[in-house]
Structures are given as C-alpha cells and as structure tokens.
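# Chains, contacts and geometry: an overview
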Amino acid sequence: MEEAGVQPDSVTVVGALSACANLGCIEIGKKIYDLARENTNNIIVGNAWLDIDWSTMIVGYAINGKSEKALDLLHRMQSQQVQPNYVTFLGVLSACSHSGWKYFNYMVQSSDKNIKLRKEHYACRVDRSGHLEETYDFIGKMPIKPDPGIWGCLLGACAIHNNVNLGQHVADIPFALAPDIASYHVLLSNMYATVGKWYSVDQ
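Residues numbered from 1 in each chain as written. Predicted model: local features only at pLDDT ≥ 70, side-chain atom pairs only at ≥ 80, totals over all residues. Heavy atoms only, no water.

## Structural notes on the overall build of the protein
From N to C terminus, the protein includes twelve helices and zero strands. Listing the helices and strands of the protein from first to last along the sequence gives α-α-α-α-α-α-α-α-α-α-α-α. Within the protein, the proportion of its 203 residues that are buried is 36%. Within the protein, contacts between residues separated by at least 24 positions form 55% of all contacts whose residues are at least 6 apart in sequence. Carbon together with sulfur atoms contributes 53% to the accessible area of the protein, which is approximately 11700 Å² in total. (Helix = DSSP H or I, 4+ residues; strand = E, 2+ residues; numbered from the N terminus. Buried < 20%, exposed > 50% of the residue type's maximum accessible area, 1.4 Å probe, protein only. Contact = heavy atoms within 4.5 Å. Areas by Shrake-Rupley, 256 points an atom, 1.4 Å probe, with all protein chains shown as cover.)

## Regarding the packing of helix H9 (residues 148-160) against helix H11 (residues 182-194)
In contact at an axis separation of 9 Å, H9 and H11 are set at 15° when each is read in the N-to-C sense. The pairing of H9 with H11 is recorded here as roughly parallel in orientation. Seen along the crossing, H9 lies across H11 with a hand that is left-handed. Contacts from Pro-148, Gly-149, Gly-152, Leu-155, Gly-156, Cys-158 and Ala-159 of H9 reach H11 at Tyr-184, Leu-187 and Met-191. For the contact of H9 with H11, a count of residues per class yields seven nonpolar, three polar and no charged. (Axes fitted to C-alpha atoms, helices over the stretch in contact; angles between N-to-C directions. Parallel < 35°, antiparallel > 145°, perpendicular 65-115°, else oblique. Left-handed = near helix turned anticlockwise from the far one by under 90°. Nonpolar A, V, L, I, M, F, W, Y, C, P; charged D, E, K, R; others polar.)

## Concerning the confidence of the model for the protein
Averaged over all residues, the pLDDT of the protein equals 77, while 68% of them reach at least 70. Per-element mean pLDDT across the protein ranges from 55 in helix H12 (residues 198-202) up to 93 in helix H10 (residues 164-177). (pLDDT = per-residue confidence, 0-100.)

## Observations concerning unusual backbone geometry
In this structure, Asn-162 is a non-glycine residue whose phi angle is positive, near 55°. Here Asn-162 is to be found in the loop between H9 and H10. For Asn-162, a relative accessible area of 39% gives the class partly exposed.

## Side note on the environment of Ser-183
Tracing the chain through its elements places Ser-183 in helix H11. Along the primary structure Ser-183 and Gly-156 are separated by 27 residues, whereas in three dimensions their C-alpha atoms are 9.9 Å apart.

## Overview of the side chain of Thr-88
Here Thr-88 is to be found in helix H5 (residues 86-95). If near-sequence neighbours (up to four positions away) are discounted, Thr-88 is found in contact with Ser-55, Ile-58, Leu-74 and Met-77.

## Considerations on H11
Taking 1.5 Å per residue, 13 residues should reach 18 Å; H11 reaches 18 Å between its end C-alpha atoms and fits that length. Tyr-184, Leu-188, Met-191 and Tyr-192 are the residues of H11 that are buried. For H11, the angular spread of the buried residues around the axis is 100°, confining them to a single face. In the stretch just after H11, Gly-196 is the one whose phi turns positive, near 85°. (Expected span 1.5 Å × (residues − 1). Arc of directions from axis to C-beta.)

Listed below in structure tokens is the structure:
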C-alpha cells in the first residue's frame, strides 16, 4: 500500500496488528504500530497493540518460570476486555503444570477461532505433565496426529522421572518418525545411564 502511495487507515492497521498477534510476529507488529502512531492517535490502534503486548509479557513470564505472574497478567488482561489468542494461551500452558488443564479444557470447549488448539498447545500439556501413563493415553486420543516433537516431549518427561519402561516404548515412535534426529537417541541413552543400564547405553 505504501509503495503505491496509499496510507493505511485504522481498520487496515488493526487488521495487520491482529494478524501479528495471532502469528506471534511481535517485532513486525511493533514496527507497524510505531508507524501508525506517527500518523494517528487512534485509540483502536492502541488497543490492537495491547493484544500483542499482553501475550508477549505472558510468554516472557512463562519462559522465566514466573507462572503466578503469567496467570495474574491473564486475569488482568481479561478484566480489561482484551481477548487472549492462541499465543497468550501458549504462554499460560507453558507456565502451568497441573492447573494448566483448566485452561487447556477451556480452549477445547471454546468456539473462538483465535484460541483454537494447535500442536504446540498439546506439546505444552505433554511437557508439563508428571502423570506419564495418563499423558501417553492423552497423546493417543489427540484429535490431531502427534508429530515427533510431541512424542519427544513425552520421552523427555520419561527421562526426567526415570521411567525407563515407558521411555523405551515411547522412544520407538520418534525413532521411526524422525530417524535422523539424534536428540531422541541421546535422551534414551541418558535415561539408561541414569539407572545404570550401561549395556543398553552402548547399544
């Protein structure tokens, strides 16, 4: 539009910012926002940027292990009528362990396309769950086909909890789906080493 000499209006800018929020493209969204603010003081544009900013902060808290702050920010976000999107809930699910199921189930039941469950959300639940057998069953019942990354998350959880029996069973799946990814083999070898199965490590 700009190359054609056409200035975007607030509707165009809000649409672009919302797309950035849904895709997690924070830097691009910030550039669009800064450019728009040079030409307008429209409050709608400002609110669209808030949609990105809230999600970014929640994800940031989650990455740094500050789950309480992430959840507090989600509640503040909702109290100010800012709608969460799938990036927001990705941060929330990453921040939570047991309580994350409440938010996961909320996404399952929601008809809002902006928070439609994706593989990343399932991976968060697998990664954060300490109930390994239940998680294995959960993956088997997923409505979308689990990829090697999701099985790798469960394998990693098995390694953390030293569940060798389940781990060696789970490992066969990412081995078959992604034979060139060495990290899955390393996880299983480390698991064997931790419990003293040195013969299995050598294999």
